[in-house]
Amino acid sequence: MSTTSTLHTPNQVADRRAKAPHASMFTRMLLRAAVLRRRRAAAALLAMIVAAAVATAMMNLYVDVQAKLRTEFRNYGANVVIVGKDGQSLPADALARVESATGPGSKMLAVPFSYAVARTKDGQSVVVVGTDFTRARQLNHWWKVSHWPDDPKQALIGVRAATVVSPNRQPFELTFQGKPIELTSAGMLQTGAGEDSRIYLDQSEFQNWTGVSPSTIEVAVNGTAAEVESFMRQLAQLLPSADIRPVRQIMEGEANVLNKTRATLYASATLVVLTSALCVLATLMGWVFDRRRDFAIMKALGASERLVNGFFATEAAAMGAVGAILGFFIGIGVAVWIGRANFHAPVVPRFSVFPYVFAGSIAVALISAILPITMLRRIQPAMILRGE
Amino acid sequence: MFPRIVYESFRHQARRKLLAGIAITLGVAVATAMIAVATDIGDKINRELRSYGANLVVTPQEDTLDVEVGGINLKPPSDGAFLNEADLPKIRGTFWHNNIVGFSPMLPVTVKIGSGSGAKDITLIGTYFNKPLHFGKQDFTTGVRITHPWWKVSCGDGSDKASRDCGWPADDSQNVLLGERLAAKLAKRPGDTLEVASRQLTIFGILSTGAAEDDEIVAPLALAQQILGKPGAVRRVYVSALTKPQDAFATQDPNTMSPEVRDRWYCSPYVQSIAYQLQEVIPHSHAEQIRQVAQNEGTVLSRIKGLMLLVTLAALFASALAVSSAMATAIFERRVEVGLMKALGAGNLAVSAIFFAEALLLALVGGIAGFSAGALLAHQIGRSIFNSQISIEPVLFPVILAIAVIVTFAGSAAAIRRAVKFDPVFALRGEG
């Protein structure tokens, strides 16, 4: 790295210096400073990288975690319910129309339900529901089902209904407006709510028997409050004859928990970012302060205030920029790892965070360079050179 | 001599010491606040999850099937079994009574509205709104305002400002809430009267829930009991309880457990064990978890807790780095001093000892200041985000102090070693 080995004769040196572009002195000073004090420079750069990485990871998580948590909240089931106005059935193509709506995000699940009150052999009334089992299973994760039906003639029986219609899981008969149907029990359904007193049947089988078409569609749609609202407006246009209702219990619970989590995460992320900025500040101030002799020599040789300031500022900015770029990629890696570890789903790298990290790193680096320089400016170069 | 060197060092280099001290204080403050928040977040989010409503329901043991379609109850009103309202305050007497946030009894009654051919069957639900009760020496209030926080009452004119004759009815009044869709259908407003079962009831507010209650009338429990003619009757009770995420142990059958295992199960706030205890205090009852609410809170809770743990680790890492880089910088600046000491005959050990003693002092002072600042910060976060106190365990104090000392030492060690190894001649000449 030493330049002396490449020097030959004074002529050659003079020649080379004459040919070299004038601006390169500035660049050369920057590079030499970094090379000659590589350990200190590396320490300062490392602090920069770590700070940028931590900041990137935090910002990435802050943006991504909300989407991740929303997905978790969809396990609570439907957040929008579509019912026919005044208890009427929905149009036959209602489900298809709902599915044609472009919901926010790719995940939207619509499950039709139709209801009828049938009678058991001994005259007990029981609610029978027709639905699509594959979809209901995806929507209602909390349903505890001993065995899902795999044959249209099989019914899913709520635990309380089972004690009435089929205590020993034997085949049973139901009648609806005089029309009987023979059913076997596939499994038991337990939810702790109204479903426990109902009997669930496959939709087409149910419709053949009762002639009742779906009156309710439960929709789980993933997105922010505003996205869900616009989705509901879209549904209202597609299905003018239906009532579109938000499930307030689910929507408000979700908003509440999400807001609190977001606020906590925001506070923590701010603290972490501030601490890492502090780390950069401490290291970089040391690095600049440590070079007060360079500073003094430059001034003694007649460098203007502007040049000296510009030199240290450029140096700090360059360090900030390099640190930000390297730190950004490490930070993305950390965020992806956290996403895997905690949510078992990959975190999408948010490159939109980069400008903030980049600008922030350079700003912190500049502040940490300018503070010691303003302190040094008051001191005579001679005193620094004398080692005082 | 040793204490004097340290003392003088603090006296003459107050500015530098202050910088390092500030770095340690801030680092410790952030670490304390984050640890406090992370240890408490589970409890806080658990409480927030209660905004999803009750996670347990208590029904009579010998109940007939519910026959309810689209909010209309087709079951004959006097059919089936009832719970006794007088038993409800006993819910506060269960082992985990502090975990029970609230409960609401429900008594649906089918009533006829209007007369002649225009008469319609409407469900009237009797419940507690915010009823004062007492059990033993405890006084408490409970009702749907606690267990069903998404129920909103408005005055029908778009404003939700409660006034003297509009809002939540009193539990001992003859006033009712009208579901918003029913109100629109009947064209009724708050202040109007409604004839229900030959009683003139005043509509006190319009209720919006986004569920079946929007088509129903909600009344104080006592009124519903009068209409039904069954004083003290309750059809079901919704209980909102703070629970621990369930695991394999939670789902075991308590009747097959050995006494010690059963005690452990009984004394864990699992939703199953709370259900078991509710059954014990309310005679002839069956308590069941509402799976939609109860099953999901565990996952959400563990996700948020895991996230905060990782963020806390990041915070600890960042503050450790900040402290150690501040220390390294502070020591690096003092090479001349080291050179002088060594030139005067000080050994490496003596020089290192001085630096470590200074670091220890800084860490202790910064640790104490940082712990107080961090406690304040955690308190502030708790207040502004969760409207409640974030408690700081006193046991955290020695732990934090120990961490501060260790991190300060670790951060200083490399710098001290380099400062000690540095040739005193160069250092004194000011080259380095």
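Model, not experiment: these values are computed from the prediction.

1. Quick look at the overall build of chain B
Scanning chain B from terminus to terminus reveals 12 helices and 16 strands. Here the C-alpha atoms of chain B give a radius of gyration of 33 Å, more than 25% beyond the 22 Å that 2.2 N^0.38 yields for 432 residues. Overall, chain B is about 110 × 60 × 35 Å in size when its C-alpha atoms are taken along their principal axes. Evaluated residue by residue, chain B yields a buried proportion of 45% over its 432 residues. Contacts in chain B between residues far apart in sequence, at least 24 positions, make up 77% of those at least 6 positions apart.

2. Some remarks on the domain arrangement of chain A
Domain boundaries in chain A define domain 1 (24-71 + 258-385) and domain 2 (79-246). With centres defined by C-alpha atoms, the gap from domain 1 of chain A to domain 2 of chain A works out at 57 Å.

3. Concerning the confidence of the model for chain B
Per-residue confidence for chain B averages 85 on the pLDDT scale, and 94% of its residues sit at or above 70. Scoring the predicted complex yields pTM 0.81 and, for the interface, ipTM 0.81.

4. Regarding the interface of chain A and chain B
Taken together, the contact between chain A and chain B spans 61 residues of the former and 56 residues of the latter. Listed by contribution, the elements that provide at least two residues to the side of chain A that touches chain B are helix H3 (38-73), strand S2 (108-120), strand S3 (125-131), helix H6 (159-165), strand S10 (242-246), helix H9 (248-289) and helix H11 (305-343) of chain A. Here the side of chain A that touches chain B takes 24 residues from H9(A), the largest share from any one element. Taken together, the residues of the side of chain A that touches chain B sort by class into 32 nonpolar, 21 polar and eight charged.

5. Describing the domain arrangement of chain B
In terms of domain boundaries, chain B breaks down into domain 1 (2-45 + 300-429) and domain 2 (55-289). Here the C-alpha centroids of domain 1 of chain B and domain 2 of chain B sit 55 Å apart.

6. Focus: the nonpolar core
Ranked by size, the top nonpolar core spans 198 residues in total, and within it Ile82(A), Leu56(B) and Val239(B) carry the most contacts. Of the residues forming this core, the biggest block, 22 residues, is contributed by helix H8 (residues 291-332) of chain B. Contact partners of Leu56(B), with chain neighbours within four places excluded, come to Val239(B), Ala241(B), Val271(B), Ile274(B), Ala275(B), Leu278(B), Ala287(B), Gln289(B) and Ile290(B). Formed by 24 residues, the second largest nonpolar core is a distinct cluster that contains Val126(A), Ile157(A), Leu189(A) and Ile199(A).

7. With respect to the confidence of the model for chain A
Across chain A, the average pLDDT comes to 83, with 93% of residues at or above 70. In the predicted structure, residues 1-5 of chain A sits below a pLDDT of 50 and forms one contact with residues beyond four places in sequence or in another chain.

8. Overview of the packing of helix H1 (residues 2-12) of chain B against helix H10 (residues 348-386) of chain B
Residues and elements named next belong to chain B. Relative orientation of the contacting elements H1 and H10 amounts to 55°, with a least axis distance of 10 Å. On the basis of the axis angle, H1 is oblique to H10. Pair H1 / H10 crosses with right-handed handedness. Contact with H1, carried on its side by Ile5, Val6 and Ser9, involves Ile354, Ala357 and Glu358 of H10 and no other residues of that element. Here the residues of the contact of H1 with H10 sort into four nonpolar, one polar and one charged.

9. A look at helix H7 (residues 203-210) of chain A
Residues and elements named next belong to chain A. Taken residue by residue, H7 has Gln203, Phe206, Trp209 and Thr210 as its buried positions. The buried residues of H7 occupy one face: seen down the axis, they fall within an arc of 130°. Just downstream of H7, Gly211 is the residue with a positive phi angle, here 75°.

10. Considering unusual backbone geometry
All names here are of chain B. Even without being a glycine, Ala187 presents a positive backbone phi close to 55°. Structurally, the position occupied by Ala187 is in the loop between helix H4 (180-186) and strand S11 (193-196). Positioned with a positive phi, Asn387 is a non-glycine residue whose angle comes to about 55°. Taking the C-beta count within 10 Å as the criterion, Asn387 has 10 such neighbours and is therefore assigned exposed.

About the cut-offs
- Residues numbered from 1 in each chain as written.
- Chains lettered and ligands numbered in written order.
- Predicted model: local features only at pLDDT ≥ 70, side-chain atom pairs only at ≥ 80, totals over all residues.
- Helix = DSSP H or I, 4+ residues; strand = E, 2+ residues; numbered from the N terminus.
- Rg over C-alpha atoms; globule rule 2.2 N^0.38 Å.
- Buried ≥ 20, exposed ≤ 12 C-beta atoms within 10 Å, placed from the backbone.
- Contact = placed C-beta atoms within 7 Å.
- Domains from an automatic or database assignment.
- pLDDT = per-residue confidence, 0-100.
- Nonpolar A, V, L, I, M, F, W, Y, C, P; charged D, E, K, R; others polar.
- Core = buried A, V, L, I, M, F, W, Y, C linked by C-beta atoms within 7 Å.
- Axes fitted to C-alpha atoms, helices over the stretch in contact; angles between N-to-C directions.
- Parallel < 35°, antiparallel > 145°, perpendicular 65-115°, else oblique.
- Left-handed = near helix turned anticlockwise from the far one by under 90°.
- Arc of directions from axis to C-beta.

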